[in-house]
Amino acid sequence: MCGIVAFKGNKEKTSEVIFEGLKLLEYRGYDSCGIGVIDNNEIKSFKWKGRVRKTEKRFIESKIKSPIAIGHTRWATHGEPNDVNSHPITSYNKKFAIVHNGIIENYRELKKILLEKGYEFYTETDTEVLVNFIELCVSNAKNIDKGISYALSKLEGAFGIVLIQRSNTDIMYAARKGSPLAFGRKGENFFIASDATPIIEYTKKIIYLDNGQLLKIDKTNFEVLDFELNKVPNKFQEVDVELQKVELGDFDSYMLKEIMEQPESLNQTMLGRIKNNKITLGGIHKYSKDLINTKRVIIIGCGTSWHAGLVAEYFLEKYLRVPVEVEYASEFRYRFPIINKGDIVFVISQSGETADTLEATRIAKKKGGILLGIVNTVGSSIARITDEGCYLHAGPEIGVASTKAFTSQLMLLLMIGAKTAYLKKNISIKKYEKMISELKRIPSKIEEVLELNNDIKKISKKIYKKNHALFLGRGNNFPVALEGALKLKEISYIHAEGYPAAEMKHGPIALIDSEMPVVAICTKSDEYDKMISNIREVGSRNAIVIGVIDKENEHVKDYLDFSILVPSTSKDFTPIINQIPLQLLAYHCAIFRGCDVDKPRNLAKSVTVE
Ligand code: M6R
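Residues numbered from 1 in each chain as written. Predicted model: local features only at pLDDT ≥ 70, side-chain atom pairs only at ≥ 80, totals over all residues. Heavy atoms only, no water.

J.: Any chance you could break down a positive patch on the surface for me, citing the residues and the numbers?
T.: A cluster of basic residues, K457, K461, K462 and K465, forms a positive patch on the protein surface. Of note, K465 is situated in the loop between α16 (453–463) and β22 (468–473). Take K465: its relative accessible area is 65%, and that puts it in the exposed class. (Patch = residues over 30% accessible without salt bridge, like charges linked within 9 Å, V, L, I, M, F, W, Y side chains within 5 Å. Areas by Shrake-Rupley, 256 points an atom, 1.4 Å probe, with all protein chains shown as cover. Salt bridge = Lys/Arg side-chain N within 4 Å of Asp/Glu carboxyl O. Lys, Arg positive; Asp, Glu negative; His and termini not counted. Charge placed at Lys NZ, Arg CZ, Asp CG, Glu CD. Helix = DSSP H or I, 4+ residues; strand = E, 2+ residues; numbered from the N terminus. Buried < 20%, exposed > 50% of the residue type's maximum accessible area, 1.4 Å probe, protein only.)

J.: Tell me about the site of the ligand, residues and numbers included.
T.: Neighbouring residues of the ligand: 15 residues in total, closest S305, S349, S351, T354 and E490. A distance of 2.8 Å separates an oxygen atom of the ligand from a polar atom in the backbone of S402. A distance of 2.4 Å is found between an oxygen atom of the ligand and a side-chain nitrogen or oxygen belonging to E490. Expressed as a share of its isolated accessible area of 410 Å², the protein-covered part of the ligand is 91%. Cavity membership is defined here by more than half of the atoms lying within 2 Å of grid points; on that basis the ligand lies in the second largest pocket. Those elements giving two or more residues to the shell around the ligand turn out to be α10 (303–320) and α17 (478–492). Of the residues assigned to the shell around the ligand, the class counts are five nonpolar, eight polar and two charged. Summarising the domain contributions, the shell around the ligand has at least three residues from each of domain 2 (258–450) and domain 3 (452–610). (Near = heavy atom within 4 Å. Polar contact = N/O pair within 3.5 Å; in protein donor to acceptor, adjacent residues only side chain to side chain. 1 Å grid on protein atoms, 1.4 Å probe; cavity = no way out; pocket = protein on both sides within 12 Å on 5 of 7 lines; lining within 4 Å. Sits in = over half its atoms within 2 Å of the grid points. Nonpolar A, V, L, I, M, F, W, Y, C, P; charged D, E, K, R; others polar. Domains from an automatic or database assignment.)

J.: Can you break down the pattern of salt bridges residue by residue, with the values?
T.: Applying the stated rule across the entire model yields 30 salt bridges. For K404, the salt bridge identified is with E261, shortest N-O distance 2.7 Å. Separated by 143 residues along the polypeptide, K404 in helix α14 (residues 404–423) and E261 in the loop between α7 (254–260) and α8 (262–270) bring together distant segments of the chain. What makes K404 buried here is its relative accessible area of 3%. Residue E483 pairs with K487 through a salt bridge whose shortest N-O separation is 2.6 Å. Note that E483 and K487 are positioned in helix α17 at a spacing of four residues, about one turn of the helix. The class for E483 is buried, based on a relative accessible area of 0%. When salt bridges that share partners are traced, they join E20, K23 and E56 into one network.

J.: Go over the sheet that holds strand β13 (residues 222–226), please, and point to the residues and values.
T.: Sheets are built from strands paired through backbone hydrogen bonds, the pairs being either parallel or antiparallel. Taking strand neighbours across the sheet as the criterion, the six strands line up as β5-β6-β7-β8-β12-β13 in an open arrangement whose pairing is antiparallel. Each edge of the sheet is formed by a strand with only one pairing partner; in this case those strands are β5 (89–90) and β13. By the bridge criterion, five bridges tie strand β8 (residues 168–177) to strand β12 (residues 213–217) in an arrangement that is antiparallel. Looking at the pairing, M172 lines up with I217 of β12. Helix α4 (residues 126–141) contacts β5, β6 (96–104) and β7 (157–165) of the sheet and is inclined by roughly 125° relative to β6. (Pairing = 2+ DSSP bridges. Contact = heavy atoms within 4.5 Å. Axes fitted to C-alpha atoms, helices over the stretch in contact; angles between N-to-C directions.)

J.: I'd like to hear about the side chain of N106, residue by residue, with values.
T.: Within the element layout of this structure, N106 appears in the loop between β6 and α3 (107–116). Under the relative-accessibility criterion, N106 is labelled buried at 4%. Contact partners of N106, with chain neighbours within four places excluded, come to K154, L155 and E156.

J.: An account of the sheet that holds strand β17 (residues 297–301) is requested, with residue identities and associated values reported.
T.: Strand order in the open sheet formed by five strands is β18-β17-β19-β20-β21, with parallel pairing between adjacent strands. Of all the strands in the sheet, just β18 (324–328) and β21 (388–391) have a single pairing partner and so form its edges. Averaged over all pairs of adjacent strands, the angle between strand axes in this sheet comes to 20°, irrespective of strand direction. Relative to strand β20 (residues 370–375), strand β19 (residues 344–349) runs parallel, the two sharing six bridges. Directly across from I348, in β20, lies its bridge partner I374.

Okay, here's the thing in structure tokens:
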């Protein structure tokens, strides 16, 4: 999963378009970065392990001005992140250079053919196989279009590629199967990128290539073809996306900024959607009857978005009285899922570009589900292919660890659930209005939690050197435990597990000793007393026990080594508040361990490969 930016046009603009674009796409991967240009009839590549700024500096120092360039920011799939495996990759006979996002699944078979033809390989990537295969096919066909078409027809897997040819600075090809590519044109300047953000600075008119489409740009024009070289109709669409340049302000990291922003981002999620103590959700209005009458709800997502779905499952089953299934998108797409006509499928994704979630959405749509997107990124692929949906309006989330998007996902799902429960007459108007009033109070309660930042920092200091941690919760706070563990492991590299507290005695309790911090979520709930028993069980085995507790149950402190006292709210809404201290705990542990919290190792903000 990688980011691509390509440009053909005014050579004075090349460096700016490519590098500013790549900076916007670093969310797709950031382990290495490169640019390839044609200069003096030669393909020249500048590519290194590391971030965009490093490559940009070295390219600018080279003083090369080229009217054609392909750029790439990588998240390694085949071959470790190093200088050689970085893109662009040049073909064996130096005739072509390519940037690639995706995975070529039949690269072994293709490599065998190429080895038999005398090709040699210098990288560990599937991309080198791809560019060499294109070179071979073009040479066999003695025609560039036909050669590319033949090569594309033989590829298995997913790809978004842009290709340049040494001998011709007028020509550029892009092709898509699976991995998204957007195209824009302003006069004689042509732009291609993995999403529209690097382009909208120059033009808001975008063509999103469909699967199986090839874009050919020549001297002054372009055409969109299928892989058999038939012309296909294309139309620019005006994208309603504003480029939001996000400044760090006084913060050291985007993660901390985004944690601290949550009172505001939650207010934004509610803004215009609560009027006269009633919830209005224009985005899914068309399907409100289907929501009321549905016999089944399915929720799909990955990572943190999947955790948000789990919290929603508790709420929706309780109040809608229909079965709710929460699915990992990656499992759902491959297990012949059963979708009945009228099933509501919520698709949760911050980025709106996660490959597994996108494909699961396509499958659910084909099978007749009603697809409702819960997405943050406006105009993203998932937002475009779902039937309807509501945006989170949480603002851009830059830190790789999802924080404010998670709480906005919860807020939106709870609002949808509360409204539907009321329309179904499963709750009284009094209960409905009480829920809304409480939801409106959540942002100010989160402000109170954020004031505990220094206390949480002190607690983090006691545990950051440990190698493992266990997070325990029950009921709707079990997903909070999962999410707390995910945050800690992804940014601090401390191994952490989230468990339903009662399950602990079926195995994980064997791990408990003084080296195992246990974070127990123990705010008001139906299983409160049982949670206390679980806390005592781990405490008596010498674990360091940190409890997230609320004001109504302060006496739990007696059983805890450290307590984090959060404001009380309705039992149904505790997950939104309880997640905040766990985000801060993960953040401080990571900072104490010297980790880059915004760009943790091996991760990318948006996972656009399988
Ligand atoms: O953009 P999405 O919500 O679809 O992303 C899903 C996951 O990749 C994401 O939540 C991931 O788990 C985060 N790194 C968690 O902090």
